[in-house]
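# Observations on the three-dimensional arrangement
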Amino acid sequence: MPPPVKPPRGKYGKDEAGCGFLVNVIKSLGFSETNEERQKEKQKIEKEFKLSDQRLNDLVSNHDHELSQVIPLFTQVTTEIAASRERIHAVKENLSACKRLLQCRREELKKMWTDAVQHKHVLSMLEQINDLRKVPQIVVNYTSKRQYLHASKTLNDALTLINGPLQEVEGLNDLRSDLIVRRQLLYQRLHEELVQQLYYNSANEVMLAFQRSNLNRLNTNFTRGMGTRRSTDRIEATSRVRQALKEMSQGVNLLQSEIIEDVDLIDPELSMIYFIAVILECFGMLGKVSEALEKIRIGIQTELLEVVHNTTHHMIEQNLPSNEQYPLLTLLDIIFKQFKAIAKTHALVLKNFLAIVQKYQVVGSQPYDLTHFWSQAQSVLQLLLTDYLDIQNASADDDIQNSYIEPIRNMNSYFLRRKVSSIKKSLFKFDKSANLIHKNCSLTDTADPIQKEHRRNASDVSNDNLNFILNASTSKSAGSSFKGSQTNDQLRQKLLICSPDQGVITKVYLPLMTYIQEIEAFMKCKPGQPCSLHDFIDNYIKETFLSKGHNSNLQVCIDTLSKNQEVWRAIVSAEEMKELNLTRPVLKSTARVERCLMETKHLIQDLPCFSEELLKTVCCLLKDYREICQAAYRGIVQPDTEDKRIYSVAWLKDEDISRFLKTLPNWTDLKSSSHRLRQGKKLQRHNFEASEEESPLQVQQRNIREAEMLTSNLGEGGISQQEILTDISVLKELAILQESMEWFSMQISGFANELRCPLVNGLSAVPDCGAYVAVKDGTIKVLTNLALEFDELANVCLLVLHLEVRVQCFHYLRTNPQNGRVDSFINSKEDVLEPDRQVQILTKRLAEMDEAFSATLHARKTRYIFEGLAHLAARILIQASNYLENIDQVTVQRMCRNALSLQQTLSNITGSREVALDQAKQFYELLCMEPDIIITTIVEQGSQFTEMQYLNALQLSCKARGITDSNTLANYQQRLSDILGAKPSAGVVV
């Protein structure tokens, strides 16, 4: 059964038990009208009473044990309460008695208490003074153990005490001054430790990693002596450092956080974090936060310059492995990695500084940021590049050269009497001189570096860092400006890993742009706003390296070629031909310009961001060279005056002849073979014969067409001696010019084709130099057009040679009635077994030209020049019969001998039997036959000549036999027409 529940207190309602129930009963009895109703209500109440009494009895019987326990406990509690009341009453009585007694001795006790307090305070002051006397030695001991937190705390507490409660003690003035000095010394020691952690330890870690990657050994100068400690000791020390850093970050028990005694056991990175946190906490204790921040900001550039000097000296002294040809690349890579490591350490320092500023509530302290650090790092890199690129010495040389240039406006001034000027012009200037700073004599004596003294302008260094570079012993304000003698240039000894050279920019540009890309990412530079190092390199390349170097050299090359005419006769040597992979010589001038082109190509690969500037310069160079080459061509084909007319050149100027020659298959085959050679494909004999070689019939028809065209354009006047190029050396020069122009055109085309591909340079996010630098199509088009112009000049030279050989054939073989050579084949008194003298001269000329062309032109070009010449010679010999009035056996034999001599010469040149000259011999043998036999031969053997040639042969045969009857001649002509199946031609006899 659950325990009984005490009824709630308060008024009861109508339906509630207790009094409310009794009230309800009374009301029901009062409202009853009869006894029966009252009797029923009574019975009901009695019944419920019985039930309630029964329930109460049950509850009492069920909880009899609990009641027996509660009653004694209640009695015990009542007894204890009564005893407590009695004790309290006794205490009150005792306190009242004590009060009465204390009131009796109050004045005496007060005096005794005051004396005790005074004696206690005096004793405390004596103890504090005694402790203050021990502070200097304690600080020294802490500092020697590198327990800077304890030392700073001790000094700070001592100064607080001596400037506070003990401020009026005059005997402590000397101790106060000593503690202030020791606080400054401790601050300097802490600053040195911070600089060591910031710069040298960070730089040494990079150098150590470089040594490990290259030499797999540790260098004693850059190691921390890890030794052979047990791994358990290192693990324990590392865990202790981590716990100390955690406690320092929470600001709990700082003095117990400084527990590390052997820093060599700690991980280097963790050791750096620990020491930086300790040092900055000490700055906060010493109240030197703002001063430390400003000093660190001022000394960034000085310390970075010292890092560069130490790294350079170490690489030279230890002979560390590097790029033997360009050790500067290795040096720059190491230095930039060191700068990144130092920047990472600066970020850690700034993070701790912000925490210290908030913790110690430093007012007015504005720490620097990493943007300022990278600005100073860029200045250091600019100074480094200035030394290695030899910028200031180059500018000084330009000033010296310009100082000697005096413009002469009038040559008459040399012959005028002048008044002696009182102002003398000094030859040398000393406005940029200064004293040399000797930094370390023992270093220069023992090491084996390349050292140079360079002029350094003070404006190259920021104003707030010049005091530390030039006057390390002074401590002036960072914002102080330089006046008076400080405006002079400064000299400082520099340690260089290699000799200064302006051309080294081509090797370091791409790595530098990678570094600049990272720097601009660190500094969060906006697009179109490059960093200062980027501007420095761009300005140097544009204004110095290109403007005064490469572009100036190109201009000097062009000026030399334009002024010296002998360069057009000098050809490259055999060694140069082998170097250029040439089989035929080219002009030295062309090879020189081609070298300039290749230099520009390499520069574009090395300096891809300046490809447009370089290509514009090259285009100007090529345009000037094109004009020079065209002038050289005109000087070769027209050396004397414009009145002299070279027949082959005049023919080539005829658009019809030029277009006709370029449409012939032999020309198209020649150009297609040249195009295949440009593409680097070798001609294979079976493929060439199957697809491109002409059939003998096609060759014959093509040669006949060319001979007919040239013959029809010759005219009746013939060609004089002044209208041909008689000097073989001139033809050789023209051949060399042709070979040079064609080769140079191929080089330009190859260069332009390479530019169509993106110039990959390893850069990814630099605004001006993306992952690749695409050259503009307009520039490539200009280069392609220039290549076509040079190729066109080569084509002109080749066509002139082609026509010149044929013009000389006309000159020596074709008879000219105005020159009295009509009877040369009839009345010549020379030996009949020998060819005509003109033919002998021609064969000799052909042999000389073949020898000259074979040495200067490719075989395919020589073949093009002499191919088809036999058909022209045969046609000229056959046409010579038009000028013969009579024919006899001697004339026929001489003409056959002429044809045989030409055939032998041309066969030796072309390497094939020239059957076209056999037809010339057959034609003159035909003249010895009877007219009827000639007709019969045509019927039996078929037509071998044209109708006009047969008609001319019949006329000469009839004259030789005295047949003068016009009817007979008409009869022969009619028979000839019937046989050939055509009417008599009314055209010109050929």
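Because the structure is a prediction, the values reported are computed rather than measured.

Quick notes on the rules
Residues numbered from 1 in each chain as written. Predicted model: local features only at pLDDT ≥ 70, side-chain atom pairs only at ≥ 80, totals over all residues. Heavy atoms only, no water. Helix = DSSP H or I, 4+ residues; strand = E, 2+ residues; numbered from the N terminus. Buried < 20%, exposed > 50% of the residue type's maximum accessible area, 1.4 Å probe, protein only. Contact = heavy atoms within 4.5 Å. Areas by Shrake-Rupley, 256 points an atom, 1.4 Å probe, with all protein chains shown as cover. Patch = residues over 30% accessible without salt bridge, like charges linked within 9 Å, V, L, I, M, F, W, Y side chains within 5 Å. Salt bridge = Lys/Arg side-chain N within 4 Å of Asp/Glu carboxyl O. Expected span 1.5 Å × (residues − 1). Axes fitted to C-alpha atoms, helices over the stretch in contact; angles between N-to-C directions. Parallel < 35°, antiparallel > 145°, perpendicular 65-115°, else oblique. Nonpolar A, V, L, I, M, F, W, Y, C, P; charged D, E, K, R; others polar. Phe/Tyr/Trp six-rings, centres within 6.5 Å; stacked < 30°, edge-to-face > 60°. Lys NZ or Arg CZ within 6 Å of the ring centre and 35° of its normal. Core = buried A, V, L, I, M, F, W, Y, C linked by side-chain atoms within 4.5 Å. Disulfide = S-S within 2.5 Å. pLDDT = per-residue confidence, 0-100.

What follows deals with the overall build of the protein chain. Scanning the protein chain from terminus to terminus reveals 36 helices and 5 strands. The proportion of buried residues among the 990 residues of the protein chain is 42%. Expressed as a percentage of contacts within the protein chain between residues at least 6 apart in sequence, the contacts between residues at least 24 apart total 79%. Surface summary for the protein chain: the accessible area is close to 56,100 Å², and the carbon and sulfur share equals 52%.

Here the focus is a nonpolar patch on the surface. A cluster of nonpolar side chains, Leu-102, Leu-109 and Met-112, forms an exposed patch at the surface whose accessible area comes to about 310 Å². Take Met-112: it is sitting in helix H4 (residues 106-144). Overall, the relative accessible area of 53% leaves Met-112 in the exposed class.

Each α-helix winds once per 3.6 residues, and so residues spaced three or four apart point in a common direction. With 22 residues, helix H32 (residues 889-910) extends 31 Å from end C-alpha to end C-alpha; this agrees with the ideal 32 Å at 1.5 Å per step. Of the residues one or two after H32, Gly-911 is the one with positive phi, at around 80°.

One non-glycine residue, Arg-146, lies in the positive phi region at around 60°. Residue position: Arg-146 is located in the loop between H4 and helix H5 (148-162). You can call Arg-146 partly exposed: its relative accessible area is 26%. If you check the backbone angles, Lys-524 has positive phi at about 55° while not being a glycine.

Glancing now at the packing of helix H29 (residues 837-856) against H32. Put simply, H29 and H32 touch, their axes get as near as 10 Å, and they point 0° apart. Relative to H32, H29 is oriented roughly parallel. Residue-level contacts link Val-839, Leu-842, Thr-843, Leu-846 and Asp-850 of H29 to Asn-898, Ser-901, Leu-902, Thr-905, Leu-906 and Ile-909 of H32. Tallied by class, the residues present in the contact of H29 with H32 amount to 6 nonpolar, 4 polar and 1 charged.

On inspection of all chains with the given rule, the structure shows 16 aromatic pairs. For the pair Trp-374 and Phe-522, a centre-to-centre distance of 5.1 Å together with 20° between the ring planes defines the contact as stacked. Separated by 148 residues along the polypeptide, Trp-374 in helix H13 (residues 370-388) and Phe-522 in helix H17 (residues 505-523) bring together distant segments of the chain. Judged by its relative accessible area of 41%, Phe-522 falls in the partly exposed class. Taken together, the ring pairs connect Phe-336, Phe-373, Trp-374, Tyr-515 and Phe-522 into an aromatic cluster. In this arrangement the basic side chain of Lys-288 is found over the ring face of Tyr-187, its NZ or CZ atom lying 5.4 Å from the centre.

Once that is clear, we can look at the pattern of salt bridges. This model, assessed by the stated rule, comprises 19 salt bridges. With a closest N to O distance of 3.3 Å, Arg-975 and Asp-932 form a salt bridge. Here Arg-975, found in helix H36 (residues 966-980), pairs with Asp-932, found in helix H34 (residues 931-941); they are 43 residues apart in sequence, far enough to count as distant. Under the relative-accessibility criterion, Arg-975 is labelled partly exposed at 31%. Counted as one network, the salt bridges with shared partners bring together Arg-626, Glu-627 and Glu-789.

Counting residues in each nonpolar core, the largest one holds 222 residues, and the members touching the most others are Phe-283, Phe-339, Ile-537, Tyr-633, Leu-783 and Phe-853. Sorting elements by how many residues they give to this core places helix H28 (residues 777-813) first, with 20 residues. Aside from chain neighbours lying at most four places away, what touches Phe-339 is Leu-304, Val-308, Phe-373, Trp-374, Ala-377, Val-380 and Leu-381.

Within the secondary structure, Ser-957 sits in helix H35 (residues 947-960). With relative accessibility at 0%, the residue Ser-957 sits in the buried group. Discounting residues that sit within four places of it in the chain, Ser-957 has contacts with Leu-927, Met-929, Glu-930, Pro-931 and Ile-934.

With the rule as written, the count across this model stands at 0 disulfides. Cys-629 forms no disulfide, and the closest cysteine sulfur to it belongs to Cys-797, at a distance of 9.2 Å.

Here Arg-897 lies in helix H32. Among the residues examined, Arg-897 registers a relative accessible area of 30% and is labelled partly exposed.

Of the residues in the protein chain, 74% reach a pLDDT of 70 or more, and the chain-wide mean stands at 75. Taken element by element, the protein chain is modelled with least confidence in helix H16 (residues 463-470), mean pLDDT 33, and with most confidence in H13, mean pLDDT 91. Contacts for the low-pLDDT stretch residues 760-768, under 50 throughout, to residues beyond four places or in other chains number 24 contacts. Predicted confidence for residues 982-990 stays below pLDDT 50, and this span has 17 contacts to residues more than four positions away or in other chains.

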